[in-house]
Amino acid sequence: MLLITCPWCGPRDETEYHYGGQAHVPYPENPAELDDRQWAEYVFYRDNHKGPFAERWMHSTGCRRWFNVLRDTVSYEVLAVYRLDEPCPALSQAGGNP
C-alpha cells in the first residue's frame, strides 16, 4: 500500500486517490491539424520505463485537487510530490539517485 502526501491535505493512504497517468504530457499546439495516427499517439501512447516516473494523481476523497508524484516504478517508493504549477524536482533533490 502506498502512502501519498497530498500537497494540501498531508499524508493519506493510496485508496483516497485516483491515478491520472503520466505527468508533463504537452497538449498539441494545433489539435485540429493532427491526423488519426498523431492523435492516437497523443491520447494513448505513454512512456513505460523502469525507475523514476512522473505521474498525475487526484485526491478524490479529500480536496479533489490534482498534483504530481515522482515515483519509482520498480520499488513503488514515492520520491517526491509537487503541485501542477511546480517543476519536476531533480532526482538528487527528491531523494533518488542522480
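Residues numbered from 1 in each chain as written. Predicted model: local features only at pLDDT ≥ 70, side-chain atom pairs only at ≥ 80, totals over all residues. Heavy atoms only, no water.

- As named in an unreviewed UniProt entry, the protein is Sarcosine oxidase subunit delta, taken from Streptomyces oryzae.

## Some points on the packing of aromatic side chains
Part 1 of the reasoning: The tally for this structure, following the rule as stated, stands at five aromatic pairs.
Part 2 of the reasoning: On the basis of an interplanar angle of 45° and a centroid distance of 5.5 Å, the ring pair of Trp39 and Tyr42 is categorised as tilted. Here Tyr42 and Trp39 lie together in helix α1 (residues 36–44), a separation of three residues that amounts to about one turn.
Part 3 of the reasoning: These aromatic residues form a ring-pair network of at least three members: Tyr17, Tyr19, Trp57 and Phe67.
Part 4 of the reasoning: Directly above the aromatic system of Tyr42 lies the positively charged group of Arg46, at a separation of 5.7 Å from the ring centroid.
Part 5 of the reasoning: The side chain of Arg56 reaches across the aromatic face of Trp66, ending 4.9 Å from its centre. (Phe/Tyr/Trp six-rings, centres within 6.5 Å; stacked < 30°, edge-to-face > 60°. Helix = DSSP H or I, 4+ residues; strand = E, 2+ residues; numbered from the N terminus. Lys NZ or Arg CZ within 6 Å of the ring centre and 35° of its normal.)

## Observations regarding the nonpolar core
Part 1 of the reasoning: By size, the foremost hydrophobic cluster in this structure holds seven residues: Leu2, Ile4, Cys6, Tyr17, Trp57, Phe67 and Val69.
Part 2 of the reasoning: Among the elements of the structure, β1 (3–6) and β5 (66–72) are those that each provide at least two residues to this core.
Part 3 of the reasoning: Once residues within four sequence positions are removed from consideration, Cys6 is found in contact with Pro11, Tyr17, His59, Cys63 and Phe67.
Part 4 of the reasoning: Counting residues in each nonpolar core, the second largest holds six residues, with Ala23, Leu70, Leu79 and Ala80 among its members. (Core = buried A, V, L, I, M, F, W, Y, C linked by side-chain atoms within 4.5 Å. Buried < 20%, exposed > 50% of the residue type's maximum accessible area, 1.4 Å probe, protein only. Contact = heavy atoms within 4.5 Å.)

## Notes on the environment of Glu77
Part 1 of the reasoning: Residue position: Glu77 is located in the loop between β5 and β6 (78–83).
Part 2 of the reasoning: For Glu77, a relative accessible area of 44% gives the class partly exposed.
Part 3 of the reasoning: Measuring from C-alpha to C-alpha, the distance between Glu77 and Pro11 comes to 14 Å, with 66 residues separating the pair along the chain.
Part 4 of the reasoning: Not counting the four nearest positions on each side in its chain, Glu77 is found in contact with Leu70, Arg71 and Asp72.

## Concerning the pairing of β6
Part 1 of the reasoning: Alignment of β5 against β6, held across five bridges, turns out to be antiparallel. Bridge pairing links Leu70 to Ala80 in β6.
Part 2 of the reasoning: Hairpin connection, β5 to β6: the antiparallel pair is bridged by five residues, and Tyr76 has positive phi, about 65°. (Pairing = 2+ DSSP bridges.)

## Digging into the sheet that holds strand β3 (residues 18–22)
Part 1 of the reasoning: Strands sit in the order β3-β4-β5-β6 across an open sheet of four strands; the sheet is antiparallel. Strands with a single pairing partner mark the edges of an open sheet, and in this sheet they are β3 and β6. On average, each strand axis in the sheet is tilted by 30° relative to the strand beside it, whichever way the strands run.
Part 2 of the reasoning: Both β3 and strand β4 (residues 52–58) contribute to a ladder of three bridges, which runs antiparallel. Pairing of Gln22 across the sheet is with Glu55, part of β4. (Axes fitted to C-alpha atoms, helices over the stretch in contact; angles between N-to-C directions.)

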